[in-house]
Amino acid sequence: MEQGPPDPERQLQPAPLEPLGRSEAGLGVAVDEEAEGAGEEGSGGDTMTHNNFWLKKIEISVSEAEKRTGRNAMNMQETYTAYLIETRSVEHTDGQSVLTDSLWRRYSEFELLRNYLLVYYPHIVVPPLPEKRAEFVWHKLSADNMDPDFVERRRIGLENFLLRIASHPILCRDKIFYLFLTQEGNWKETVNETGFQLKADSRLKALNATFRVKNPDKRFTDLKHYSDELQSVISHLLRVRARVADRLYGVYKVHGNYGRVFSEWSAIEKEMGDGLQSAGHHMDVYASSIDDILEDEEHYADQLKEYLFYAEALRAVCRKHELMQYDLEIAAQDLASKKQQCEELATGTVRTFSLKGMTTKLFGQETPEQREARIKVLEEQINEGEQQLKSKNLEGREFVKNAWADIERFKEQKNRDLKEALISYAVMQISMCKKGIQVWTNAKECFSKM
Amino acid sequence: MEGERRASQARSSGLPAGGADADSPGGGTPFPGGGGSSALLQAEVLDLDEDEDDLEVFSKDASLMDMNSFSPMMPTSPLSMINQIKFEDEPDLKDLFITVDEPESHVTTIETFITYRIITKTSRGEFDSSEFEVRRRYQDFLWLKGKLEEAHPTLIIPPLPEKFMVKGMVERFNDDFIETRRKALHKFLNRIADHPTLTFNEDFKIFLTAQAWELSSHKKQGPGLLSRMGQTVRAVASSMRGVKNRPEEFMEMNNFIELFSQKINLIDKISQRIYKEEREYFDEMKEYGPIHILWSASEEDLVDILKDVASCIDRCCKATEKRMSGLGEALLPVVHEYVLYSEMLMGVMKRRDQIQAELDSKVEALTYKKTDADPLPEEIGKLEDKVECANNALKADWERWKQNMQNDIKLAFTDMAEGNIHYYEQCLATWESFLTSQTNLHLEEASEEKP
């Protein structure tokens, strides 16, 4: 159940130019335009491009979300949300975009896409999906999947997911991904026909499985620890942030009560009346300003959440390495024991216990012909084993090399993104403070006029 | 009660010495104020259990003795004290300066209670000395208030802080409670001192100057408990009559008082709630910064930025603590005092109504019943004078009170607004400097990559 190097049939042929990654407006991505022609189902095989391909920028957006009802696999009525994915190609020269594809997908299809990518690109840190259910909610936020705010944030998360894939140098060329964007009907069947579920190593999903690996690459062991720490610290941070948001909401909203009472009080005051009334108005402004502020902060929280989920993707790559290493070690062990057996048979010394040896003792020696036959079989097995070991070794090294390259890429992306997120947090705080200063300066003026 | 503390040698002619001093206000002082039996002190009558009323049971905690933070700065001259008093008019005419500080726990076999040190400095001739230092307990303040209400039934007497905390304290009398009460008592005495009439009240003078035993013997004079009880019953009955004939201006006043009372109570609740929310916000924020430090331990490339963010959050945290305590010191006590004032005012209205009712009932009696028990015209005349006096006193005091209320409320809310502005300005500066340093770093890095 080993994964070979990425199947060329599954991939669009590589373009010589690198994708743009996070380009202007964060939406643009370069994808080999030629691939559109080559990507058709069944045409597979060798689609090396010779000439005549050019780069077009492609914009992907998840622009709408819609509630739908339909029948599920058990023929029961269900309600779900469908998301509209629009792909635009942008002419390099004049920057105008033309809508090339538009289709609806639901969350489960996104999941299917991701599971497929996990199987075919085990050495890649596959971008995570936004959360299935709302977590880290504070009291005003709803935990309901149908809640419009949740749906909106999920829409943005799904768009981000697609953009991450589209800007990944390797993943962006995947045919199934391309079809996800362009072929609405039958896509599910196409994915399932790849048989990826069969290729999936069930041991990867087994969370409890521990493999006693003797010589894992230390970098992966460290990476696993890192991803555990990352997950733990971001969870903690998100939890506290949610509580802080809750409290902040309370502070702002209670001030709103002043507005009402000041207004009623101003009715009986001759001199203070005007000041009270207008101050009350500012209290209302202050109280309502928190809604926008906290909505912005939710986006910040979502940015952190993405990296919380990325931790799991990192762990997946580490597990894959462990498994490969484990299989390698087992194979080596196996080979060594066969070699020893062979040697013993050849020299006549029995050092290792074997059933054959026992039965021989009990029922009599085997004939030299029988022994020869056995040696021959073993020698064949040893040969095979050595070939396998060699190729496993090669695969393992390839995997480590490729995986580590992607991990380095991921690290840089993470550092960039987190720095950006923290800076955007500061910008949000600054905006909040400025609003606060303005409201309270106005209020103070009203108070001083009382 | 224990004896008074002797004045320190730094002061000139100290307290009237303990023991028999012929000049000290002793038992024979006549009752101040007129009004005798008819004036009723509802607040005092309710305090039937005078001896128990502030059985303040404390743990004998030595920390109570360490009250450094409670003593306000003691100015050395009357003039320098002018800056301390924010809340009254005509500061340049002040000749009476009072401070309340140094709460101390006293333990006897029967009870444990707290006394407060009261220091009075004055240049008035009628005081035997220019400086006095006495110790009083809450009970004594209650007594004083009662006497003032008795003597001036239609003046707006400043409110006393409540006897007990209304809600939610584990220890009934912890440090915060004592400090809040001390500040309120300080305000109470100063308001009296600044009041054009009350400041010359004789009981007030005795309160400020007499030693413990002198005060207790002085207190024992005056109408007994039972007679005061009887007066209540008559008062309740007659106050209804007073309401019927209430002059227009007092109807307006009453309406105002009712509405004001409603609104100020609401504002008190809102303000307390804001304080609570700010405190809880502060508590959560305290945890927020350190998580970023924790995170920085596993991120080599993000150590600096994470540590910077953590320190920004910590600074904002401190700023919010400051804002919160500002609220607790400026807005909350003022609003609460006016809640108590509004209750006071309703009492004043009632008393005015009672005085009027007395007159009205005698007039009625004169008009309808020609019996032996006819009130003499002189009696009616006296009552008419009394009503007029009471009304005028209230009117004048009312204007004064309204003016003060406006100033106090204005000041308190302006303070709160300023506190908030300051808070946001501090946070803004913190985050802006973080952003600047990040931009600078970025520029540095960019220029390093150039060659």
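As annotated in an unreviewed UniProt entry, chain B is Sorting nexin 7 from Saimiri boliviensis boliviensis. UniProt, in its Subunit (unreviewed entry) section for chain B, records the words "Heterodimer; heterodimerizes with SNX4." The UniProt entry for chain B carries this comment under Subcellular location (unreviewed entry): "Early endosome membrane".

Per an unreviewed UniProt entry, chain A goes by Sorting nexin-4 and derives from Saimiri boliviensis boliviensis. The heading Subunit (unreviewed entry) in the UniProt record of chain A holds the text "Heterodimer; heterodimerizes with SNX7 or SNX30. Interacts with WWC1/KIBRA. Identified in a complex with WWC1/KIBRA and dynein components DYNLL1 and DYNC1I2. Interacts with BIN1." The UniProt entry for chain A carries this comment under Sequence similarities (unreviewed entry): "Belongs to the sorting nexin family."

Moving on, we get to the overall build of chain A. Within chain A one finds 11 helices and 4 strands. When the 450 residues of chain A are sorted by exposure, 49% land in the buried category. Carbon together with sulfur atoms contributes 51% to the accessible area of chain A, which is approximately 22800 Å² in total.

Let us now look at helix 2 (residues 107-120) of chain A. All names here are of chain A. An ideal rise of 1.5 Å per residue puts 20 Å on 14 residues; helix 2 measures up with 20 Å between its terminal C-alpha atoms. The element helix 2 is largely enclosed, with a buried count of 10 among its 14 residues. Here helix 2 has its buried residues at Tyr107, Glu109, Phe110, Leu112, Leu113, Arg114, Tyr116, Leu117, Val119 and Tyr120.

All names here are of chain A. Although it is not a glycine, Asn186 sits at a positive phi angle of roughly 70°. Within the element layout of this structure, Asn186 appears in the loop between helix 4 (175-182) and helix 5 (187-193). You can call Asn186 exposed: its relative accessible area is 53%.

Attention shifts here to the environment of Asn255(B). All names here are of chain B. Relative to the helices and strands, Asn255 is located in helix 8 (residues 248-296). For Asn255, a relative accessible area of 46% translates into the label partly exposed. The sequence separation of Asn255 and Lys220 amounts to 35 residues, and the corresponding C-alpha distance is 38 Å.

With 53 residues of chain A at the contact, the number on the chain B side is 53 residues. Summing the contributions of chain A and of chain B, the shared interface buries around 5400 Å²; its carbon and sulfur component is 74%. When the buried surface of chain A facing chain B is broken down by residue, Arg247(A), Tyr258(A) and Trp265(A) rank first, second and third, together holding 12% of it. In this structure, Arg243(A) and Glu284(B) form a salt bridge, with 2.9 Å as the shortest nitrogen-oxygen distance. With 24 residues, helix 8 (residues 218-266) of chain A is the largest single contributor of residues to the side of chain A that touches chain B.

This part is about the domain arrangement of chain A. Residues and elements named next belong to chain A. Segmenting chain A into domains produces domain 1 (1-200) and domain 2 (201-349 + 365-450). The partner domain 2 presents 39 residues to the 31 residues of domain 1 that form the contact. Its salt-bridge partner being Glu298, residue Arg153 comes within 3.8 Å of it at the nearest N-O pair. If you list the elements that add at least two residues to the side of domain 1 that touches domain 2, you get helix 2 and helix 3 (148-166). Looking at the side of domain 1 that touches domain 2, the element that brings in the most residues is helix 3, giving 4 residues. Residues belonging to the side of domain 1 that touches domain 2 are distributed by class as follows: 16 nonpolar, 6 polar and 9 charged.

The next subject is the side chain of Asn201(B). Residue and element names in this part refer to chain B. The topology assignment puts Asn201 in the loop between helix 4 (175-194) and helix 5 (202-209). In terms of polar contacts, Asn201 uses its side chain to reach the backbone amide nitrogen of Asp203, at 2.8 Å. What Asn201 contacts, discounting residues up to four positions off in sequence, is Leu148, Ala151 and His152.

All names here are of chain B. Taken as a whole, chain B is organised into domain 1 (93-223) and domain 2 (241-450). Each of domain 1 and domain 2 was reduced to a C-alpha centroid, and the two centroids are 23 Å apart. Listed by partner, the interface residues are 18 residues for domain 1 and 21 residues for domain 2. Together domain 1 and domain 2 conceal approximately 1700 Å² of surface at their shared face, both sides included; 58% is due to carbon and sulfur atoms. At the surface where domain 1 touches domain 2, the tally comes to 3 salt bridges. Ionic pairing is found between Arg191 and Glu337, a salt bridge with its closest N-O pair at 2.7 Å. Across the domain 1-domain 2 interface, the total number found is 8 residue pairs in polar contact (both at pLDDT 80 or more). At 4 residues, helix 4 tops the list of elements feeding residues into the side of domain 1 that touches domain 2. For the side of domain 1 that touches domain 2, a count of residues per class yields 9 nonpolar, 2 polar and 7 charged.

Criteria and thresholds
Residues numbered from 1 in each chain as written. Chains lettered and ligands numbered in written order. Predicted model: local features only at pLDDT ≥ 70, side-chain atom pairs only at ≥ 80, totals over all residues. Heavy atoms only, no water. UniProt positions renumbered as here; feature names shortened; annotations may be inferred. Helix = DSSP H or I, 4+ residues; strand = E, 2+ residues; numbered from the N terminus. Buried < 20%, exposed > 50% of the residue type's maximum accessible area, 1.4 Å probe, protein only. Areas by Shrake-Rupley, 256 points an atom, 1.4 Å probe, with all protein chains shown as cover. Expected span 1.5 Å × (residues − 1). Contact = heavy atoms within 4.5 Å. Buried area = accessible area lost by both parts, 1.4 Å probe. Salt bridge = Lys/Arg side-chain N within 4 Å of Asp/Glu carboxyl O. Domains from an automatic or database assignment. Nonpolar A, V, L, I, M, F, W, Y, C, P; charged D, E, K, R; others polar. Polar contact = N/O pair within 3.5 Å; in protein donor to acceptor, adjacent residues only side chain to side chain.

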